[in-house]
Amino acid sequence: MSGNFDFANPGLLWLLAAIPFLALLKGRAGSSGTLVFSSVAIAKSVSRKNKSRAGAVLTTLRMLALALLIAALARPRMGKGFSEREESGIDIVLAIDVSNSMSALDLSTSTKIQTRLDAVKSVVQDCIKNRPHDRIGMVVFGVNTFLVSPVTLSHDWLNQNIERVELGLIDGRGTAIGKAILSAANHMRALKDAKSRVVILLSDGESNTGISPVAAAEAAASFDIKIYTIAA
């Protein structure tokens, strides 16, 4: 990456060209004032004492302020350049169970109380950290499914979304594993350039609602999508 400076609205900078004309009009506006003195000597005395050029300085400052305002409206910005890169990893969609049973505390340790979902999220984040070249997405499921993130190489953004996954995010009164598989597969089937496509299913129980997981797996296989299961 390399730093670069530009303006978000560069067209506004053309307004700077008008400032010299404004200054010229300001200098030529109106006729010179005339004072009548009874004595020329008095006028000379006053002119010798009047050495101030505050009017000219004030005009200059006004023009400078106007120029700075125009530059600010053009929105100067410092950014970073970018380059495209081609990765050789695989595409993964994580399907995570957020049904009510994932609130169980049986995966807690002597030093940390955690739900099953907390434990799964921790393992998932470690997995993401160890696969920097893979595009990874995520769906969560209970009775229905919810897309947390499409497949992406922006793993920092993905981890931020994982932090927002909580119990109660969707209806957790059931475990629709078949729906989860189909949802994950549906988000992957359009990825024509994928080297390999994988769904990793993380759940603590059996499917008890929705379509059959076997039928969903067969549909995914027709798109050459592999499915791996992890039991919590």
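Scroll up a little and you will see the structure.
This one's a predicted model, so the numbers in the text were calculated from it and none came from an experiment. In this numbering scheme, every chain counts its residues from 1 along its sequence in written order. It should be noted that, the model being predicted, local features are given only for residues of pLDDT at least 70 and side-chain atom pairs only at 80 or more, the latter also being counted only at that level, while totals for whole chains, interfaces and linings use all residues. To obtain the side-chain values, all non-hydrogen atoms of the structure were included, while hydrogens and water were left out.

> It is not clear to me how the overall build of the protein chain should be interpreted in this structure. Could you clarify?
Scanning the protein chain from terminus to terminus reveals 7 helices and 7 strands. Labels follow the DSSP assignment, with helices taken as runs of H or I lasting at least four residues and strands as runs of E lasting at least two, numbered in each case from the N terminus. Each helix and strand of the protein chain, placed in order from N terminus to C terminus, yields the pattern β-α-α-α-β-β-α-β-β-α-α-β-α-β. Each residue's exposure class comes from its accessible area (1.4 Å probe, protein chains only) as a fraction of the maximum for that residue type: buried when under 20%, exposed when over 50%, partly exposed otherwise. Every one of the 232 residues in the protein chain was classed for burial, and the buried ones make up 30%. Contacts are assigned to residue pairs with any non-hydrogen atoms lying within 4.5 Å of each other. Intrachain contacts of the protein chain at a sequence separation of at least 6 include 78% that bridge at least 24 residues. All accessibility values rest on the Shrake-Rupley procedure with a 1.4 Å probe; residue burial counts only the protein chains present in the view. Of the roughly 15200 Å² of accessible surface on the protein chain, 58% is carried by carbon and sulfur atoms.

> What should I look at first to understand the sheet that holds strand S4 (residues 135–141) in this one?
Strands pair in a sheet through their backbones, by hydrogen bonds, and they do so in one of two ways: parallel or antiparallel. Two strands are counted as paired when DSSP detects at least two bridges linking them. Read from one edge to the other, the open sheet built from 5 strands follows the order S5-S4-S3-S6-S7, with strand pairing classed as mixed. The open sheet has two edge strands, strand S5 (145–152) and strand S7 (225–231), and neither has a second partner. Between one strand axis and the next, the sheet turns by 15° as a mean value, whatever way the strands run. The pairing of strand S6 (residues 197–203) with S7 spans 7 bridges and is parallel. The residue of S7 that forms the bridge with Val198 is Lys226. Axis lines are fitted through C-alpha atoms, for helices just across the contact stretch, and the angle between N-to-C directions can take any value from 0 to 180 degrees. Relative to the sheet, helix H4 (residues 116–129) contacts strand S3 (91–97), S4 and S6, its axis offset from that of S3 by approximately 170°. In the packing of helix H5 (residues 155–163) onto the sheet, contacts are made with S4 and S5, and the angle to S5 comes to roughly 165°.

> Sorry if this is basic, but what is going on with the pattern of salt bridges here?
Opposite charge on two side chains permits pairing when their charged atoms draw close. By definition, a salt bridge exists where a carboxyl oxygen of Asp or Glu is found within 4 Å of a side-chain nitrogen of Lys or Arg. All chains considered together, the criterion is met by 6 salt bridges. Across the pair Arg131 and Asp134 runs a salt bridge, and its minimum N-O distance is 2.3 Å. Among the residues examined, Asp134 registers a relative accessible area of 6% and is labelled buried. Salt bridges sharing partners connect three or more residues here, namely Asp106, Arg116 and Asp204.

> Quick question: what am I supposed to make of unusual backbone geometry here?
Most peptide bonds take the trans configuration, and most residues that are not glycine carry a negative phi. The backbone of Arg75 sits at a positive phi, close to 60°, despite the residue not being glycine. Checked against the element boundaries, Arg75 lands in the loop between helix H3 (54–73) and strand S2 (76–80). Take Arg75: its relative accessible area is 51%, and that puts it in the exposed class. Phi is positive for Asp224, close to 60°, though the residue is something other than glycine. Judged by relative accessible area, which is 54%, Asp224 ranks as exposed.

> Mind showing me how you'd approach the nonpolar core here?
A general tendency of soluble globular proteins is for nonpolar side chains to be buried together. If you look at the biggest cluster of nonpolar residues, it comprises 21 residues, and the most contacted ones within it are Leu94, Ile96, Val124 and Met138. Secondary structure elements with two or more residues in this core: S3, H4, S4, H5 and S6. Considering every element that reaches this core, the biggest residue donor is H4, with 4 residues. Setting aside residues up to four positions removed in sequence, Met138 forms contacts with Val93, Leu94, Ile96, Val124, Phe146, Leu147, Val148, Ser149, Leu158, Ile162 and Val165. One finds Ile177, Ala180, Ile181 and Ile225 within the second-largest nonpolar core, a separate group that totals 17 residues. Nonpolar cores are built from buried Ala, Val, Leu, Ile, Met, Phe, Trp, Tyr and Cys residues. Side-chain atoms within 4.5 Å join them into one set.

> Honestly, the packing of helix H6 (residues 177–188) against helix H7 (residues 213–221) in this entry has me stumped. Any pointers?
A packed helix pair is summarised by two numbers, namely the angle formed by the two axes and the spacing between the axes. The interhelical angle for the contact between H6 and H7, taken along N-to-C directions, is 15°, at an axis separation of 7 Å. On the basis of their axis angle, the class for H6 and H7 is roughly parallel. Along this stretch, H6 crosses H7, giving a crossing that reads as left-handed. Where H6 approaches H7, its residues Ile177, Gly178, Ile181, Leu182 and Ala185 are matched on the opposing element by Pro213, Ala216, Ala217, Ala219 and Ala220. Angles are sorted into four bins: roughly parallel if under 35 degrees, roughly antiparallel if over 145, roughly perpendicular if 65 to 115, and oblique for all others. Handedness of a helix crossing follows the sense of rotation of the near helix relative to the far helix, less than a right angle counterclockwise being left-handed and clockwise being right-handed.

> What should I look at first to understand H4 in this one?
In an α-helix, one full turn covers 3.6 residues, which means residues spaced three or four apart are oriented alike. Given a rise of 1.5 Å per residue, 14 residues ought to cover 20 Å, and the 20 Å separating the end C-alpha atoms of H4 matches this to within 8%. Of the positions making up H4, those classed as buried are Arg116, Leu117, Ala119, Val120, Lys121, Val124 and Ile128. As for H4, its buried residues are in contact with S3, S4, H5 and S6. Any helix carries an expected span of 1.5 Å times its number of residues minus one.

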